[in-house]
Amino acid sequence: MKAKSWRELPPGAVILDAGNAREVKTGSWRTFRPIWVEENCSHCLFCWLFCPDMAVIVKDGKMAGFDYDYCKGCGICAFECPGKKGKKAIFMEEESK
């Protein structure tokens, strides 16, 4: 087999096949994970909108939890969550707890 030159190699950090993120479960290396408090949730779906990894589960137009297989623990969902009556519906907890 002949070695490929640098021009024949695919570029790094590029997703060549659309929609393949579901094949790569990357949630195992996070330090913090989001915890959802349903009674504080207004189902605004800001968490879903801002989640860079689509780890927020939505059913029937409402927040239904997190898919921890894909959540990297970035905390954007908790930061963007307006909650209800001054109480956030999402907070971050250490993974070890």
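Structure: above.
Trainee: Summarise the packing of aromatic side chains; cite the residues concerned and give the values.
Mentor: Each aromatic ring pair is specified by the distance between its two centres and by the angle formed by the two planes. Within the structure shown, the criterion is met by 2 aromatic pairs. Residues Phe46 and Phe50 carry aromatic rings whose centres are separated by 6.4 Å and whose planes lie at 85 degrees to one another, so their mutual orientation is edge-to-face. Here Phe46 and its partner Phe50 are both found in helix α1 (residues 46-50), 4 residues apart, which amounts to about one turn of the helix. Here Phe50 falls in the partly exposed class, since its relative accessible area comes to 37%. Each ring, one from Phe66 and one from Tyr68, has its centre 6.0 Å from the other, and the planes form 35 degrees; the classification is tilted.

Trainee: Outline the environment of Lys62, supporting the account with residue identities and numerical values.
Mentor: Considering the arrangement of structural elements, one finds Lys62 in strand β3 (residues 62-66). Given a relative accessible area of 47%, Lys62 falls into the partly exposed group. In the structure, Lys62 is positioned 22 residues away from Asn40 in sequence and 13 Å away in space, judged by C-alpha atoms. For Lys62, the residues in contact, after removing those within four places along its chain, are His43, Leu45 and Ile57.

Procedures and definitions
Residues numbered from 1 in each chain as written. Predicted model: local features only at pLDDT ≥ 70, side-chain atom pairs only at ≥ 80, totals over all residues. Heavy atoms only, no water. Phe/Tyr/Trp six-rings, centres within 6.5 Å; stacked < 30°, edge-to-face > 60°. Helix = DSSP H or I, 4+ residues; strand = E, 2+ residues; numbered from the N terminus. Buried < 20%, exposed > 50% of the residue type's maximum accessible area, 1.4 Å probe, protein only. Contact = heavy atoms within 4.5 Å.

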